[in-house]
Amino acid sequence: MHINDSTAPTAAPARRPRVPFVLASTSPARLATMRSAGIEPVVVPSHVDEDAVVAAAGLAGDSVVEGRDRTVDGGGRTAQIVSTLARAKARAVLTPEVDGLVLGGDSMFEIDGVPLGKPHTPQRAAERIRQMRGRTGTLYSGHWLVDHRGGSTIAEAGAWDSATVTFDDISDAEIEAYVATGEPLEVAGSFTVDGLGQAFITSVQGAPSCVIGLSVPVVRRLAAQLGVFWPDLWNIGAARD
């Protein structure tokens, strides 16, 4: 008689090889987002002339040149700008030495139909925040993922995501104090949702990580399109075990 011993040890499932992940960005926020998602990426800065890329794609000025770029799907001008820049950044770091999935990203905030990048100067940051207070705008994040395993391009895919952000009625004194910290000068739209700026935001509709600059759900879907199982990218702490 055969007795089934349910207490007998079972073989552990075979470990799948980890897939290297390369982040073509020096953004601390994007790096922190990937780490919080269980992925410690290799950071390879991309040096892209953003104005030149946008102009070459026919996206500069007040209108989009139709038919110039068919690899960016849907969306208005802001969605196309962030998608185009994300692709340029990812492709800019592709060398035979780069092995793994390569992600490029870009973000812009849109209000009154106008895309707003980084303000760079205190005066411009203050002007933008005064324009946004008490109102709602949309943060767009573009993503471009390249399967570059083995040091050559196998496939690539891109997508953009958006989230609406509503601001409280911020006083002039608060704006002055916030701008003085320097935080809003080098971030899309002149605000952060994960730093000092979160005190001035009343609601976010959409993926929270999208507002930070990289929509993790979108990156997971792009990885799946390229045939990569998302948990195979986990390489931090408990996620890798």
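Here goes a summary of the coordinates provided. (Residues numbered from 1 in each chain as written. Predicted model: local features only at pLDDT ≥ 70, side-chain atom pairs only at ≥ 80, totals over all residues. Heavy atoms only, no water.)

Okay, the packing of helix H4 (residues 122-132) against helix H5 (residues 172-180) next. Taken N-terminus to C-terminus, the directions of H4 and H5 make an angle of 140 degrees; their axes are 10 Å apart at the nearest point. Here H4 is positioned oblique relative to H5, judged by the angle of their axes. The crossing of H4 and H5 is right-handed. Of the residues in H5, those in contact with Pro122, Ala125, Ala126, Ile129 and Arg130 of H4 are Asp172, Ile175, Tyr178 and Val179. (Axes fitted to C-alpha atoms, helices over the stretch in contact; angles between N-to-C directions. Helix = DSSP H or I, 4+ residues; strand = E, 2+ residues; numbered from the N terminus. Parallel < 35°, antiparallel > 145°, perpendicular 65-115°, else oblique. Left-handed = near helix turned anticlockwise from the far one by under 90°. Contact = heavy atoms within 4.5 Å.)

Glancing now at the packing of aromatic side chains. For the structure on display, the rule yields 5 aromatic pairs. Ring geometry for phenylalanine 109 and phenylalanine 191: centres 5.1 Å apart, planes at 80 degrees, overall edge-to-face. Of this pair, phenylalanine 109 sits in strand S3 (residues 101-111) while phenylalanine 191 sits in the loop between H5 and strand S7 (201-205), placing them 82 residues apart in sequence. Judged by relative accessible area, phenylalanine 109 falls into the buried class, the value being 0%. Note on phenylalanine 191: relative accessible area 7%, which makes it buried. Judged by centre distance (5.7 Å) and plane angle (50 degrees), the ring pair of tyrosine 140 and tryptophan 160 falls under tilted. With a gap of 20 residues between them, tyrosine 140 in strand S5 (residues 136-147) and tryptophan 160 in strand S6 (residues 155-167) connect regions that are remote in the sequence. (Phe/Tyr/Trp six-rings, centres within 6.5 Å; stacked < 30°, edge-to-face > 60°. Buried < 20%, exposed > 50% of the residue type's maximum accessible area, 1.4 Å probe, protein only.)

With that out of the way, let us pick up the pattern of salt bridges. Proximity of charged atoms lets side chains of opposite charge pair with each other. The final tally for this structure, using the stated rule, is 7 salt bridges. Linking aspartate 172 and arginine 133 is a salt bridge whose minimum nitrogen-to-oxygen distance equals 2.7 Å. In this pair, aspartate 172 sits in helix H5 while arginine 133 sits in the loop between H4 and S5, placing the two residues 39 residues apart along the sequence. Its salt-bridge partner being aspartate 147, residue arginine 149 comes within 2.7 Å of it at the nearest N-O pair. A relative accessible area of 2% places aspartate 147 in the buried class. Each of Glu50, Lys89 and Asp106 takes part in salt bridges that share partners, so that together they form one network. (Salt bridge = Lys/Arg side-chain N within 4 Å of Asp/Glu carboxyl O.)

So, about the nonpolar core. Counting 23 residues, the largest nonpolar core has Phe109, Val165 and Phe191 as the members making the most contacts within it. Elements that contribute at least two residues to this core include exactly S3, H4, S6, H5 and helix H6 (208-212). When residues no more than four places from it in sequence are discounted, the contact partners of phenylalanine 109 are Val114, Pro115, Leu116, Met132, Gly137, Thr138, Leu139, Val165, Phe167, Ala188, Gly189 and Phe191. Counting 21 residues, the second-largest nonpolar core is a separate cluster that includes Val19, Phe21, Leu23 and Leu226. (Core = buried A, V, L, I, M, F, W, Y, C linked by side-chain atoms within 4.5 Å.)

Here we take up unusual backbone geometry. Even without a glycine there, the phi angle at aspartate 112 is positive, about 55 degrees. Tracing the sequence through the fold places aspartate 112 in the loop between S3 and strand S4 (114-116). Positive phi is not limited to glycine here, since serine 190 has a value of about 75 degrees. Take serine 190: it is sitting in the loop between H5 and S7.

Looking at where alanine 207 falls in the secondary structure, it is placed in the loop between S7 and H6. By relative accessible area, alanine 207 is classed as buried at 18%. C-alpha of alanine 207 to C-alpha of alanine 163: the two residues are 44 residues apart in sequence and 6.5 Å apart in space. Residues in contact with alanine 207, not counting those within four places in the same chain, are Asp161, Ala163, Ser215 and Pro217.

What follows is about the environment of phenylalanine 191. Sequence spacing of phenylalanine 191 and arginine 128 is 63 residues, and the spatial spacing of their C-alpha atoms is 9.6 Å. Residue contacts for phenylalanine 191: discarding those within four places in its chain leaves Phe109, Met132, Leu139, Val165, Phe167, Tyr178, Pro184, Ile201 and Val211.

Function cannot be inferred from these measures alone, as they are strictly geometric.
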